[in-house]
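Observations on chain architecture
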Amino acid sequence: MLTFWQGASHHKELHHMPKPYEFGTEAELVQRLGDTNTVSAAKLFFAQQSPSITHVVETGVAGNTFRAFRNLPVQPSVTFRTWATNYVTRTIHELSAISDCQSYAQYVHDATNSLCEEWRRITGSEMGYGRGAKLFNLVLKKFACLSSLSEGQRSTLIDLQHIPLDSYTIIGLRAIAPEFFIPKNATMKFVETPAQYADFQAVIREIANKAGVPPIYYDVLAWNMGH
């Protein structure tokens, strides 16, 4: 039985982590996405208010997530959080006003490229498009909890959000999207290009549309409820 884990933060890598669940069919995933448990878990997540952008960034991406980045000359959490806080603060008016999928996708793409450039400059290493997009999408998921947003803005942003692509959300699609050739041990590094990233988001959005829920509910189902 999957329960909604309401711990400190999203995508925290714990000891004895549950294995990613592979959905058997699209029909199963559609049914689970529209299930009252999933809808309740999503509503519960987005009901948690964040008082500031700093709080959004710090709670959106748990410290343990940065274990994937080893042997760097500077702390990866500091590099990411400094960049993310500055970027969202600088673009908050643009982000808050977005109302269509295309503009939102462009915003995420531009931000991911900005993060990858900053990461390269400060750490001397490559972040990778998939990992950069995953981290920023975690921040954007939590951004919808920012207390200064209007209910209209919050609702629009929840509908537009992209899925943070990691082992849970990627492996969940192995049987449903064989065209992606997803390995059993796929992680956020599996997504390497903007085109590959866009293909994943499109497939998830199509399935979520059939369930009548925002695509981000897939992340709530695969990650939050799996912990």
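Before reading further, recall that the structure is shown in the block above.
Structural notes, computed from the coordinates.

Rules behind the numbers
Residues numbered from 1 in each chain as written. Predicted model: local features only at pLDDT ≥ 70, side-chain atom pairs only at ≥ 80, totals over all residues. Heavy atoms only, no water. Helix = DSSP H or I, 4+ residues; strand = E, 2+ residues; numbered from the N terminus. Rg over C-alpha atoms; globule rule 2.2 N^0.38 Å. Buried < 20%, exposed > 50% of the residue type's maximum accessible area, 1.4 Å probe, protein only. Contact = heavy atoms within 4.5 Å. Lys, Arg positive; Asp, Glu negative; His and termini not counted. Charge placed at Lys NZ, Arg CZ, Asp CG, Glu CD. Disulfide = S-S within 2.5 Å. Axes fitted to C-alpha atoms, helices over the stretch in contact; angles between N-to-C directions. Parallel < 35°, antiparallel > 145°, perpendicular 65-115°, else oblique. Left-handed = near helix turned anticlockwise from the far one by under 90°. Salt bridge = Lys/Arg side-chain N within 4 Å of Asp/Glu carboxyl O. Arc of directions from axis to C-beta. Polar contact = N/O pair within 3.5 Å; in protein donor to acceptor, adjacent residues only side chain to side chain. 1 Å grid on protein atoms, 1.4 Å probe; cavity = no way out; pocket = protein on both sides within 12 Å on 5 of 7 lines; lining within 4 Å. Points joined across faces, edges and corners; volume = space filled by probe spheres on them. Nonpolar A, V, L, I, M, F, W, Y, C, P; charged D, E, K, R; others polar.

Along the protein, the regular secondary structure elements total ten helices and zero strands. Along its sequence from the N terminus, the protein presents helices and strands in the succession α-α-α-α-α-α-α-α-α-α. For the protein, whose C-alpha radius of gyration is 16 Å, the value lies close to the compact-globule estimate of 17 Å for 227 residues. Overall size of the protein, expressed as C-alpha extent along the three principal axes, is 45 × 40 × 35 Å. Considering the protein as a whole, with its 227 residues, one finds that 51% of them fall into the buried category. The long-range fraction of contacts in the protein, counting pairs at least 24 apart against all pairs at least 6 apart in sequence, stands at 75%. Separation of charge centres in the protein, based on 20 positive and 20 negative side chains, amounts to 8 Å.

In terms of backbone geometry, most residues other than glycine have negative phi values and most peptide bonds are trans. With a phi angle near 50°, Phe 181 is a residue other than glycine that sits in the positive phi range. For Phe 181, the location among the structural elements is in the loop between α8 (167-171) and α9 (194-211). Given a relative accessible area of 68%, Phe 181 falls into the exposed group.

Take the state of the cysteines next. According to the stated counting rule, one finds zero disulfides in the structure shown. This cysteine, Cys 145, is not joined by any disulfide, and Cys 101 carries the nearest cysteine sulfur, 20 Å off.

Packed helix pairs are characterised by how far apart their axes lie and by the angle those axes make with each other. With their axes 9 Å apart at the nearest point, helix α5 (residues 101-123) and helix α6 (residues 129-143) run at an angle of 120° to one another. By the criterion of interaxial angle, the relationship of α5 to α6 is oblique. Every pair of crossing elements has a handedness; the one defined by α5 and α6 is right-handed. Taken together, the residues of α6 that come into contact with α5 (itself represented by Tyr 104, Tyr 107, Val 108, His 109, Ala 111, Thr 112, Asn 113, Leu 115 and Cys 116) are Tyr 129, Gly 132, Ala 133, Phe 136, Asn 137 and Leu 140.

So, about the pattern of salt bridges. Taken as a whole and assessed by the stated rule, the structure comprises eight salt bridges. The closest approach of N and O atoms between Glu 22 and Arg 174, which form a salt bridge, is 3.1 Å. Placement of the pair is Glu 22 in the segment before α1 (26-34) and Arg 174 in the loop between α8 and α9, with a sequence separation of 152 residues. The exposure class of Glu 22 is partly exposed, given its relative accessible area of 34%. Among the residues examined, Arg 174 registers a relative accessible area of 23% and is labelled partly exposed. With a closest N to O distance of 3.3 Å, Arg 154 and Glu 151 form a salt bridge. On the criterion of helical spacing, the pair formed by Arg 154 and Glu 151 is a turn pair, its members being three residues apart in helix α7 (residues 151-160).

Turning our eyes to something else, we now look at helix α3 (residues 53-60). Listing the buried residues of α3 in full gives Ile 53, Val 56, Val 57, Thr 59 and Gly 60. The inward-facing, buried residues of α3 abut α4 (76-97) and α6.

This paragraph deals with α7. Residues lying three or four places apart along an α-helix face the same way, a consequence of the helix completing one turn every 3.6 residues. For α7, every residue scored as buried is listed here: Arg 154, Leu 157, Ile 158 and Leu 160. Axial view of α7: buried residues confined to an arc of 165°, hence all on one face. On its buried side, α7 packs onto α2 (36-47), α4, α5, α6, α9 and α10 (217-222).

Further remarks concern the environment of Gly 124. By secondary structure assignment, the location of Gly 124 is in the loop between α5 and α6. With 36 residues separating them along the chain, Gly 124 and Val 88 place their C-alpha atoms 23 Å apart.

Along the polypeptide, Asp 219 turns up in helix α10. With relative accessibility at 0%, the residue Asp 219 sits in the buried group. A polar contact of 3.0 Å, which involves the side chain of Asp 219, links it to the side chain of Lys 141.

Approximately 230 Å³ is the volume found for the second largest pocket. For the second largest pocket, the lining is made up of 15 residues, of which Ala 105, His 162, Tyr 197, Ala 198 and Gln 201 are closest to its centre. For the lining of the second largest pocket, the secondary-structure elements that each account for two or more residues are α5 and α9. Here the lining of the second largest pocket gets five residues from one element, more than from any other, and that element is α9. Within the lining of the second largest pocket, the residues separate by chemical class into nine nonpolar, five polar and one charged.

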